[in-house]
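Architecture at a glance
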Amino acid sequence: MDIKSFLKYIYKYKWVVIIVPIIAVSITYYLVKNLPSQYSSEVQIATGLLDPSKQVISDQNVDFFKVNQQFNSIMEKLKLKKIINILSYNLILHDLEQPKEAFRKYSPNIDSLNQQDRQEVIRLFKEKLLNKSILTLSDNKGKYKLYDIVASMGYGEDGFKKDIEITHADNSDFISLKYESENPDLSAYVVNTLAAEFISYYSADVNYNQNNSIVLLDSLLKRKEVVMNAKNEALSNFKRTKGVLNLEGQSGAVYAQISQNEAMRADAIKLIQSNLGGIAAIDNKLRGGDPVFSGSSRSDNMEIINLKKQLEIANNRWVDGGFKASDQKRIDSLNRIMAAKGVLNAEENVLDPKASKQGLIQQKLALEIAIQQAKSSLGSLDAELRSLRGKYNSMVPYDADIQNFQREADLATKDYMAALDRYNGTRTEQNMGLRLQIDQMGLPGNAEPSKTNLYLAGAGFSSLILTIGCLFLFFIMNQSITTGNQLELATKSKTIGVLNRITSDERNMRNIWDDKEDNKNYEIFRDLLRSFRFEISAGMDLDNSKILGITSLTAEVGKTFVAYSLAYAFAMTGKKVLLIADELPVVKPDTKGLTTGQNFQTFLIKREIHTEDLITVMNKNIARNSLLELQNIKTLKAGFEVLREEFDLIIIDINSLHDINLAKEWLLFTEKNIAVFQSGCSIHDNDKQFVNYIKKQPGFLGWVLNKVEIVSRRS
């Protein structure tokens with residue numbers, strides 16, 4: 001949305017924006033000038049929910065979520081139909097029983113009653129007040145229409161629900177009731193009566209609910225106590241009959257003894273196994289398995305004897321063989337081996353094997369004695385374990401039964417204690433719970449400040465907003481295009497020029513340019529036309545184009561006038577211009593003027609042209625025949641080449657795009673194109689195809705918005 005366009009739209013209808021609020025304010029003033037003064041009264045109800053001085057346990061933490069729920073519950077109960085009806089009964093009874101002090105003038109429903117009927121009505125309302133019954137439309141079915149009587153005095157439920165203001169300030173202990181009416185005594189009576197009646201109703205309701213809860217809890221507590229006593233008695237009887245006072249302790253002691261004896265038996269078995277392992281190791285060493293204790297082995301001695309025999313044979317061979325070097329080497333090798341074996345045998349026999357063996361035999365005897373002692377203790381331990389296990393097994397059946405009795409007794413006791421806690425809590429809450437009370441009574445007050453100015457301001461502001469909103473709605477619904485930005489958005493292409501509306505003879509361009517009367521509209525037109533001319537020159541100079549086509553979506557949008565104006569504007573820059581247009585100009589030939597007398601069809605046949613000073617005009621075929629029916633494309637292109645050589649610029653006033661057959665033919669010979677759109681018109685769905693067609697033309701420069709309503713900014 002274009003904000004500037006919307007502001008212009010508002011400015012156009014500024015009289016509506018001014019007149020409508022004035023009318024609204026005038027009507028509001030007439031309606032409110034005689035309104036009676038209003039008086040308000042307020043009462044505050046203390047709840048004690050957030051007042052530490054009213055709490056028995058002063059250091060208890062405040063659950064603000066729970067407290068907020070309580071406040072909301074109280075405020076909602078204040079709006080109950082039953083509570084409002086009680087207020088209505090009190091008000092109507094006050095006015096009926098005290099006619100001279102009635103808060104409001106009697107309505108026709110009451111004036112029509114005689115004295116006897118009034119007494120009967122009073123009796124009926126007192127009965128409903130006593131029973132706290134609800135007032136409904138069914139109360140109109142009798143002789144006396146009680147519902148209508150209350151409503152006629154303005155004491156109905158709907159009015160009070162709307163006018164009574166019930167509030168609670170954050171972190172405050174008070175609930176405020178505020179009422180505003182034309183009578184200060186009525187305002188005070190309403191809030192005080194409503195507060196008092198509600199406190200009475202709320203206290204009675206809470207007390208009734210708590211009493212019912214206590215009765216129910218007391219009955220439940222007694223049942224739980226009977227069950228608890230029965231379960232405990234059953235447990236006690238079982239222990240006495242089975243002779244078990246503390247089965248858990250006794251069985252625990254026996255089990256501990258069993259565990260201790262099993263540990264001693266396991267230690268004895270470990271001792272036997274370890275000693276047997278030691279004896280096996282000693283036997284292995286004594287059998288020669290360890291060279292430390294057995295000394296040099298027999299195999300080592302035999303090896304040394306074999307080496308000596310081999311040395312003796314080698315010596316004989318060395319002597320008998322004539323002292324060969326090879327035999328000498330063998331003798332030396334055997335001597336080295338025997339020496340190494342001798343050294344090794346000496347190192348292995350450092351200890352005395354006999355002494356070591358004697359020590360091992362003594363250790364073996366000691367271990368065998370220890371094994372025998374351990375085996376003897378196993379017998380006594382096994383006998384002890386059999387005795388203890390027999391005692392423990394005899395206790396197992398009793399243990400399961402006692403656990404069942406104990407579990408049932410514990411559950412019964414817990415249920416009883418939970419019921420007792422709830423009972424005591426409810427009793428405590430009843431005695432020390434929530435107590436509503438009126439902390440500050442409602443008093444008759446002074447008249448409230450007049451709201452006349454507020455009503456007038458509200459009426460004026462709301463009517464102004466409503467008017468602007470309606471204008472905005474009309475503006476949105478209005479699809480007419482009045483600005484270049486709107487035209488760009490609608491066509492999705494560039495707007496290269498804007499021309500204002502000219503109301504005088506639109507063909508007399510000389511008068512517009514000379515402007516001896518200092519016409520501001522002409523001056524604006526000239527400035528806009530110069531800007532438009534600059535954009536076209538920039539576009540055509542890019543590729544030295546000379547033929548410019550001017551078309552439009554529809555006819556009668558000022559396309560021909562734009563063509564004449566543009567031709568005159570270029571002539572003012574000294575260019576030699578040819579204008580090919582539909583209609584004849586109305587001005588006489590003059591310097592930089594528009595001349596007549598030549599026809600484009602004649603030129604195509606004779607190839608003759610009479611050039612004027614700066615602007616030459618050729619008329620198109622008036623019969624609107626097809627251009628290609630006059631000459632073929634080759635001949636037409638040759639004719640346009642002749643014109644290009646003769647003129648600096650050729651402007652063609654092409655038919656509108658609705659005459660698409662003619663427009664397409666002329667666009668074949670143009671190098672650049674522009675389209676004219678009239679301000680205030682709309683682009684309809686059937687026009688979009690023509691918009692897309694002209695946009696796709698290779699030489700399309702953009703749109704020019706014509707006949708724009710522009711207010712001069714110059715004084």
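Below: a short report on this structure. (Residues numbered from 1 in each chain as written. Predicted model: local features only at pLDDT ≥ 70, side-chain atom pairs only at ≥ 80, totals over all residues. Heavy atoms only, no water.)

Considerations on the nonpolar core
Quick note on the threshold: Here, the term nonpolar core denotes a set of buried Ala, Val, Leu, Ile, Met, Phe, Trp, Tyr and Cys residues that are joined through side-chain atoms within 4.5 Å. With a 1.4 Å probe rolled over the protein chains alone, any residue whose accessible area is under 20% of its type maximum counts as buried; one over 50% counts as exposed, and the rest are partly exposed. Secondary structure is summarised from DSSP: a helix means a run of H or I of at least four residues, a strand means a run of E of at least two, and numbering begins at the N terminus for each. By the convention used here, residues are in contact when the closest approach between their heavy atoms is within 4.5 Å.
Counting 48 residues, the largest nonpolar core has Ile92, Phe125, Tyr155 and Phe160 as its most contacted members. Looking at this core, the elements that each hand over two or more residues are strand E1 (39–46), helix H3 (64–78), helix H4 (81–97), helix H6 (115–131), helix H7 (146–152), strand E3 (174–181) and helix H9 (184–242). Looking at which element gives the most residues to this core, the answer is H4, with 9 residues. Other than its neighbours up to four places away in sequence, tyrosine 155 contacts Ser88, Leu91, Ile92, Asp95, Phe103, Arg104, Val150, Phe160 and Leu186. In terms of nonpolar packing, the next biggest core, distinct from the first, is built from 37 residues, Met540, Leu548, Leu649 and Val676 among them.

Some remarks on the pairing of strand E9 (residues 615–619)
Which entries qualify depends on this criterion: Should DSSP find at least two bridges between two strands, the strands are regarded as paired.
Most of E9 is tucked away: 5 of the 5 residues are buried. Note that strand E7 (residues 577–581) and E9 share 5 bridges and pair parallel. Across the sheet, residue leucine 579 finds its bridge partner in E9, namely valine 617.

Some details on the sheet that holds E1
Heads up, the rule is: Axis angles are defined between N-to-C directions and span 0 to 180 degrees, where every axis is a line fitted to C-alpha atoms and, for a helix, only to the segment in contact.
Strand order in the open sheet made by the 4 strands is E2-E3-E1-E4, with antiparallel pairing throughout. The open sheet has two free edges, formed respectively by strand E2 (165–167) and strand E4 (437–440), since each of these has just one partner strand. Across this sheet, the average inter-strand angle for adjacent strands is 30°, counted without regard to direction. As paired elements, E1 and E4 share 3 bridges and run antiparallel to each other. By the bridge assignment for E4, glutamine 44 is matched with glutamine 440. Packing of H3 onto the sheet brings it into contact with E2 and E3, and relative to E3 it is tilted by some 30°.

Some details on unusual backbone geometry
Within the chain, lysine 132 stands out as a residue other than glycine whose phi angle is a positive 55°. Its relative accessible area of 34% is what places lysine 132 among the partly exposed residues. Positive phi, normally seen in glycine, also occurs at lysine 707, with a value near 60°. In this structure, lysine 707 sits in strand E12 (residues 700–708).

Some details on the side chain of serine 565
Position of serine 565 among the secondary structure elements: in helix H19 (residues 559–571). Look at serine 565 and you get buried, because its relative accessible area is 0%. For serine 565, the contacting residues outside a window of four places in its chain are Met509, Phe525 and Leu529.

As for the environment of leucine 365
With respect to the secondary-structure elements, leucine 365 resides in helix H14 (residues 353–432). The class for leucine 365 is partly exposed, based on a relative accessible area of 48%. Sequence spacing of leucine 365 and isoleucine 279 is 86 residues, and the spatial spacing of their C-alpha atoms is 8.7 Å.

What to know about H4
Because an α-helix packs 3.6 residues into every turn, residues spaced three or four apart end up facing the same way. Put simply, the test is: Expected span of a helix, by definition, is 1.5 Å for each gap between consecutive residues, and there is one gap fewer than residues.
When the terminal C-alpha atoms of H4 are compared, their 24 Å separation across 17 residues agrees well with the 24 Å that a helix rising 1.5 Å per residue should span. In terms of burial, H4 is a largely internal element, 14 of the 17 residues being buried.

Describing the packing of helix H23 (residues 660–667) against helix H24 (residues 688–695)
The line we're drawing: These descriptions rest on fixed angle ranges, namely under 35 degrees for roughly parallel, over 145 for roughly antiparallel, 65 to 115 for roughly perpendicular, and the rest for oblique. Think of it as three bins: nonpolar holds Ala, Val, Leu, Ile, Met, Phe, Trp, Tyr, Cys and Pro, charged holds Asp, Glu, Lys and Arg, and polar takes everything else, Gly as well.
The interhelical angle for the contact between H23 and H24, taken along N-to-C directions, is 5°, at an axis separation of 12 Å. If you check the angle between H23 and H24, you find them roughly parallel. Of the residues in H24, those touching H23 at Ile660, Lys664 and Leu667 are Phe690, Tyr693 and Ile694. Across the contact of H23 with H24, the residue classes tally to 5 nonpolar, no polar and 1 charged.

Here we look at the packing of aromatic side chains
Note the threshold: Two rings from Phe, Tyr or Trp (for Trp, the six-membered ring) form a pair when their centres are within 6.5 Å of each other. A pair whose planes differ by under 30 degrees is stacked, one over 60 is edge-to-face, and the rest are tilted. Charges are assigned to positions over rings by a cutoff of 6 Å between ring centre and Lys NZ or Arg CZ, combined with an angular limit of 35 degrees from the ring normal.
Enumeration over the complete set of coordinates arrives at 9 aromatic pairs. Ring plane angle 50° and centroid distance 5.1 Å describe the contact between phenylalanine 103 and tyrosine 189, whose orientation is recorded as tilted. Of this pair, phenylalanine 103 sits in the loop between H4 and helix H5 (108–111) while tyrosine 189 sits in helix H9; the two residues are 86 residues apart in sequence, bridging distant segments of the chain. Judged by relative accessible area, phenylalanine 103 falls into the buried class, the value being 11%. Chaining the aromatic ring pairs together yields one cluster made of Tyr155, Phe160 and Tyr179. When the ring centre of phenylalanine 647 is taken as origin, the NZ or CZ atom of lysine 576, which lies over that ring, is 5.6 Å away.

What to know about the side chain of glutamine 678
Looking at the element boundaries, glutamine 678 is found in strand E11 (residues 672–678). Leaving out residues up to four positions away in the same chain, glutamine 678 has contacts with Ile481, Arg501, Glu556, Val557, Leu705, Asn706 and Lys707.

Quick notes on the pattern of salt bridges
Inclusion rule: Salt bridge, as used here, is a side-chain nitrogen of Lys or Arg placed within 4 Å of a carboxyl oxygen of Asp or Glu.
Tallying each qualifying case throughout the model produces 17 salt bridges. Glutamate 97 is the salt-bridge partner of lysine 126, the closest N and O atoms lying 2.9 Å from each other. With a gap of 29 residues between them, lysine 126 in helix H6 and glutamate 97 in helix H4 connect regions that are remote in the sequence. Look at lysine 126 and you get partly exposed, because its relative accessible area is 43%. With relative accessibility at 39%, the residue glutamate 97 sits in the partly exposed group. Residues joined in a network through salt bridges with shared partners are Lys81, Glu157 and Lys161.

Observations concerning the pairing of E12
With 9 of its 9 residues buried, E12 lies for the most part within the structure. Bridge analysis of strand E5 (residues 495–500) against E12 gives 4 bridges, and the strand direction is parallel. Across the sheet, residue asparagine 500 finds its bridge partner in E12, namely valine 708. Here E11 pairs with E12 via 6 bridges, running parallel. Looking across to E12, one finds that isoleucine 674 is bridged to glycine 702.

What about the packing of H4 against H6?
Short version of the rule: Handedness of each helix crossing follows the sense of rotation of the near helix against the far helix: counterclockwise by less than a right angle gives left-handed, clockwise gives right-handed.
Running from N to C, H4 and H6 point in directions that differ by 150°, and their axes come no closer than 10 Å. Judged by the angle between their axes, H4 and H6 are roughly antiparallel. Remark: the crossing between H4 and H6 carries left-handed chirality. Across from Ile86, Tyr89, Asn90, Ile92, Leu93, Leu96 and Glu97 in H4, the residues of H6 making contact are Val121, Ile122, Phe125, Lys126, Lys128 and Leu129. Taken together, the residues that form the contact of H4 with H6 break down as 9 nonpolar, 1 polar and 3 charged.

Read these as geometric descriptors, not functional statements.
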